[in-house]
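In case you want the letters, here they are:
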Amino acid sequence: MARIGVFVCHCGTNIAKTVDVDRVAAAAARMPNVAYATTYLYMCSDPGQNIIKEAVKEHSLDRIVVAACSPSLHEKTFQKCAEAAGLNPYFSEMANIREQCSWVHSDREEATAKAIKLVQMAVARAYYDQELYQSQIPVHRRALVIGGGVAGIQAALDVAASGYEVVLVERTPSIGGRMAQFDKTFPTLDCAACILTPKMVEVASDPNVKIVTYAEVESVSGFLGNFEAVIRRRARSVRMDACNGCGVCYQKCPSKKIPSEFNAGLGTRTAIYVPFPQAVPNVPVIDRENCRYFLTGKCRICEKVCSAQAIDFDQQDEILKEQFGAIIVATGIDVLDHSIYGEYGYGRYPDVISGLQLERLINAGGPTQGILKRPSDGKEPESVVFIQCVGSRDDSKGFPYCSKVCCMYTAKHTILLKEKHPETEIYSFYIDIRSTGKGYEEFVRRAQEEFGVHYLRGRVSRVYPRGDKMVVMGVDSLLGQQVEVEADLVVLATAAQARSDAKELARKLNVATDRYNFFTEAHPKLRPVETLTAGVFLAGACQFPKDIPDSVASGSAAAAKVASMFSKPFLLSEPTVAEVLPLTCVGCLNCQSVCPFNAIDEVAFVNPLTREEKKVAKVNEGLCNGCGTCVAACYSSSIQLRGFTDEQIFRQIETALAP
Amino acid sequence: MAENTYSYYPGCSLHGTGKAYDLSARAVCRHLGIELRELQDWNCCGATSAHALDSWAAIALPGRNAAIAERAGLDVAVPCAACYSRQKTCEKALQEDQQARERLEKEMSFSYTGRARFKHLLEIIVKDYGLERLREKLTAPLTGVRAVGYYGCLLVRPPDVVGFDDPEDPRTLDDVILASGAELANWYAKTDCCGGSLALVRPDVCGQMVARILQQAKEAGADCIVVACPLCHSNLETRQPMASKLLRTDFEIPVLYFTEMLGLAMGLPPKRLGLNTHLISPRKILRRKPQAVGAAATVGGPAQRGPERQEEVAGEEEADG
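Source: prediction; values computed, not measured.

## Examining the overall build of chain A
- What chain A contains, in helices and strands, is 18 helices and 32 strands.
- With respect to the principal axes defined by its C-alpha atoms, chain A has extents near 90 × 70 × 40 Å.
- Burial status across chain A gives 48% buried among its 659 residues.
- When contacts within chain A are restricted to residue pairs at least 6 apart in sequence, those whose partners lie at least 24 apart make up 69%.

Structure follows, in structure tokens:
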């Protein structure tokens, strides 16, 4: 005989407006095994929880059912409340009469009847609740940070500062990421390199941080606290320990015409190269696809000129297997390729460039040494048109979302151009100006008022060449007029988009991505840097386009999550996971094939009575997320999900179907 | 059904201002062995007016044509870009909007199978008939003529309704121009709007739009503009004096239907193609066209069937402006 207490929440008017909560409580009081039922305005509040605790004492309750919101919001709250009241936390159940009832219905009579039914189901289920206990998981106190941009660097520095080891894996030859490509930063206009490169040096010299560049994560296995990552460090063809960074090799390299990725395709680089002079590590790599020696078997000039004998053509890719307790994903973003835009010339006009390319053209370290020369003929432009929202807020060709950073970087570009050449005529076509950050709106205002940039509200329908100029045809929707501007250079604020291989990495890490392939956080508001896979965190723009302050903040936030995880002697795992009953398991491993978390292993099992040995499935509780897929897939009903046993589910269904 | 046989929906314009388009379309198709069977008792597609005033009329008017076409059971050749757009919009509704389809089927008492698809004549000639086969028929190349292809706003847009060519940089007309032996000039007003029916209600606006297009054609050094729409043709031709005034210049750029271009390149007599009905005489182009070798004329003969039959090349005939 159970003694169940039912606590019905008004949720202010959220529930009480549509559901007659008093009638629900009165009905609950008459249900079998219910010893007590009451209502309260906010059950999750402190006084609400006290009502539960006191009722447990006063009425000797052994289980509680809270009829309120979704368990995803407050299950934990009421589990803790049950625990504080002296019950096993898993002796608490929730009936969702808000999201699944009051919010979606308008008829008070019917909603109340449905709420009573939902409570009845939860009561039926609570009767079969069992005591469950969390188990302890040991933690490997090392973090893996994937991506060496500013978010990843910040995350690595912060985890390291808490005293834990970090491995920072970067795909390109140098850390630095997108920020290293930028000229200056909004809204303060401090130079990106001046604030980033010290951080790059700091992370490189931190004894707790091991940087692995020119490397990628091949696979990840394991679970919270106990991940194993396989990292492929690509052959650099230059020995890191021997190279002294003198740079003679790339000065002498004869393959000079390779488009520079770092310069967004505008400048060229050699086959042996460092992406930029401040690279960390300052050790070149040989791009084997373009190296004359690797292509033709002849050359080896770099080897001849290297005084440190650091060139090693025979170097092989290296596979590192490392253990980690947590993983921070900070892989950043790609920039939309504007060649999908026919109206802007399908990427065929050299003087229609992306914002990222402009960054390189005005950067002192860029292909033009910071003097803005347009790509077609090297002329310094006298008039420049900026087109915002290219690929953003564009359902038909790009993405419906706002890329968030373009309004600001376009304003920055216009100011930077105007500062150097005030006589340049600058036009900026926009849809809306989105400048919601500290000092952002003031910054855009400066561009408009102090620097006299012509902001035109409207879209551009076509860009085409006339003589050596580009004609930009658009509309000024505030004047209600078509406008035509002749420009020497057109700069497109191209959308930020997910990395092309983000989905692949997401699969390796078993984390979700949204429909644009951005990584999905565990909760958009309350758990913004966590993923639904315990132990995997997000930092920077891999989650959604972010500017530098937001990227840094999320890097620190992810690091804080990791540090707090590592600071505990062990981790606790949820007991609501699947459990195989080995006596009846036939070892077909159908469960293994359906498990989305790779949480099922095959093990040997000896029947204690017959001494027969057989293969059975076994759930790895660290990996299991309790989704229940295996339970449904098991032919012999040999898997039970703790807290969601067949008994509980069937009683719920029967109650639901009872008249 | 026989290959190369289509229902033909000329639309109102081709029985009026677009007479030359109708003549040349029929002549060219006959020469290619494409049989056009005019839909029985067709009606106006609703054009700009219907969909601006009554959303159901905008579906029902082309819907009636769709019902007639279903009964005929052949794909339908539509020469007018506006008719094409309306018919395709209706076709999309029939395919994707169950409610609209059921209502239409009831009102027009037919049942939609989708076996008769509406296609633009340009699509039929370039894509269905094929550029390779077409080239074989173009025996009187228009060498020395410099042309631009003008698609207007409806022919290739919106892409999810029509979509037989690139919506921003279409190439089909360009292919026709090149196949005809003319020189293709590069320009950037291909898909700009000519003003459409604003020609009637806001001639000032239409004049400006046409002026911009003509200006670009002139900058591109075009001898003529090749179109695939009777309204584009009408606007580009009739608004040239107005455009000339606006830009203080003297436009006199002939505007040819692509079918006229093809007909000329086939050596068909200009009069049979309706070239004598133009307001701006294409005389200059015709003069520039070198005489086809060994030309002898047969005019207005019976339908020539079978691609293997070589039609005699028509000699040049002076077309009156």
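## Some remarks on helix H3 (residues 71–84) of chain A
Residues and elements named next belong to chain A.
- Compared with an ideal rise of 1.5 Å per residue, which puts 14 residues at 20 Å, H3 spans 18 Å between its outermost C-alpha atoms and is within 8% of the ideal.
- Of all the positions in H3, only His74, Thr77, Phe78, Gln79, Cys81 and Ala82 are classed as buried.
- Taken together, the buried residues of H3 touch helix H2 (46–58), strand E3 (63–68) and strand E4 (92–96).
- Phi turns positive, to about 95°, at glycine 86, one or two residues after H3.

## So, the domain arrangement of chain B
Residue and element names in this part refer to chain B.
- For chain B, the assigned domains are domain 1 (5–120) and domain 2 (139–288).
- One C-alpha centre belongs to domain 1, the other to domain 2; they are set 24 Å apart.
- Listing elements by their share of the side of domain 1 that touches domain 2, those giving two or more residues are helix H1 (11–14), helix H2 (19–32) and helix H5 (81–96).
- A per-element tally of the side of domain 1 that touches domain 2 places H2 first, with nine residues.

## Details of the nonpolar core
- In terms of nonpolar packing, the biggest core is built from 266 residues, with Ile328 of chain A together with Val226 of chain B touching the most fellow members.
- Not counting residues within four places of it along the chain, the set of residues in contact with isoleucine 328 of chain A comprises Ala143, Val145, Ala155, Phe537, Ala539, Ala558 and Val562 of chain A.

## Here we look at the interface of chain A and chain B
- In this assembly, five residues from chain A lie in contact with five residues from chain B.
- Classifying every residue of the side of chain A that touches chain B by side-chain character gives two nonpolar, one polar and two charged.

## Focus on the packing of helix H6 (residues 150–161) of chain A against helix H7 (residues 192–205) of chain A
All names here are of chain A.
- Here H6 crosses H7 at 45°, and the two axes come no closer than 10 Å. Regarding the angle of H6 to H7, the classification is oblique. Crossing handedness for the pair H6 and H7: left-handed. Seen from H6, the contacting residues are Val150, Ile153, Ala156 and Leu157; seen from H7, they are Leu196, Lys199, Met200, Glu202 and Val203.
- Grouping the amino acids of the contact of H6 with H7 by side-chain chemistry returns seven nonpolar, no polar and two charged.

## A word on the sheet that holds strand E22 (residues 460–466) of chain A
Residue and element names in this part refer to chain A.
- An order of E22-E23-E24 is seen for the three strands of this open sheet, with the pairing classed as antiparallel. The strands lining the two open edges of the sheet, one partner per strand, are E22 and strand E24 (481–487). For this sheet the average axis-to-axis angle between neighbouring strands, irrespective of direction, equals 20°.
- The pairing of strand E23 (residues 469–476) with E24 spans seven bridges and is classified as antiparallel. Bridge pairing in E24 links valine 475 to glutamine 482.

## Brief notes about the domain arrangement of chain A
- Domains assigned within chain A are domain 1 (4–126), domain 2 (142–234 + 317–332 + 499–566), domain 3 (248–305), domain 4 (336–497) and domain 5 (578–642).
- Averaged C-alpha coordinates put domain 1 of chain A and domain 5 of chain A at centres separated by 34 Å.

## Comments concerning the sheet that holds strand E1 (residues 5–8) of chain B
Residue and element names in this part refer to chain B.
- Taken in spatial order, the four strands of this open sheet run E2-E1-E3-E4, and their pairing is parallel. The strands lining the two open edges of the sheet, one partner per strand, are strand E2 (35–38) and strand E4 (118–120). Between one strand axis and the next, the sheet turns by 40° as a mean value, whatever way the strands run.
- Taken together, the three bridges between strand E3 (residues 76–78) and E4 define a ladder with parallel strand orientation. The residue of E4 that forms the bridge with valine 78 is histidine 120.
- Of the strands in this sheet, E3 and E4 are in contact with H5, which crosses E4 at around 150°.

## Overview of the packing of helix H5 (residues 108–126) of chain A against helix H18 (residues 646–657) of chain A
Residues and elements named next belong to chain A.
- The contact between H5 and H18 brings their axes to 8 Å, and the two run at 150°. When the axes of H5 and H18 are compared, the pair comes out roughly antiparallel. H18 is crossed by H5, and the crossing has right-handed handedness. Together, Lys117, Gln120, Met121, Ala124 and Arg125 of H5 and Gln648, Arg651, Gln652, Thr655 and Ala656 of H18 make up the contact between the two elements.
- The residue inventory of the contact of H5 with H18, partitioned by class, reads three nonpolar, four polar and three charged.

## Considering unusual backbone geometry
- Residue proline 281 of chain A is reached from valine 280 of chain A by a cis peptide bond, and omega for that bond is 0°.
- Structurally, proline 281 of chain A can be placed in the loop between strand E13 (272–273) and strand E14 (285–286).
- In the segment running from arginine 157 of chain B into proline 158 of chain B, the intervening peptide bond is cis, with an omega of -5°.
- Mapped onto the elements of the fold, proline 158 of chain B is located in the loop between strand E5 (146–150) and helix H8 (172–179).
- If you check the backbone angles, asparagine 517 of chain A has positive phi at about 75° while not being a glycine.
- Looking at where asparagine 517 of chain A falls in the secondary structure, it is placed in the loop between helix H14 (502–509) and strand E27 (536–538).
- Residue class for asparagine 517 of chain A comes out partly exposed when judged on the 19 C-beta atoms lying within 10 Å of it.

## Regarding the confidence of the model for chain B
Residues and elements named next belong to chain B.
- Taken over all residues, the pLDDT of chain B has a mean of 88, while the share at 70 or more is 89%.
- Considering only residues more than four positions removed or in separate chains, one finds that residues 291–321, a stretch of pLDDT under 50, has 54 contacts.
- Two numbers describe this predicted complex: its pTM, 0.82, and its ipTM, 0.77.

About the criteria used
Residues numbered from 1 in each chain as written. Chains lettered and ligands numbered in written order. Predicted model: local features only at pLDDT ≥ 70, side-chain atom pairs only at ≥ 80, totals over all residues. Helix = DSSP H or I, 4+ residues; strand = E, 2+ residues; numbered from the N terminus. Buried ≥ 20, exposed ≤ 12 C-beta atoms within 10 Å, placed from the backbone. Contact = placed C-beta atoms within 7 Å. Expected span 1.5 Å × (residues − 1). Domains from an automatic or database assignment. Core = buried A, V, L, I, M, F, W, Y, C linked by C-beta atoms within 7 Å. Nonpolar A, V, L, I, M, F, W, Y, C, P; charged D, E, K, R; others polar. Axes fitted to C-alpha atoms, helices over the stretch in contact; angles between N-to-C directions. Parallel < 35°, antiparallel > 145°, perpendicular 65-115°, else oblique. Left-handed = near helix turned anticlockwise from the far one by under 90°. Pairing = 2+ DSSP bridges. pLDDT = per-residue confidence, 0-100.

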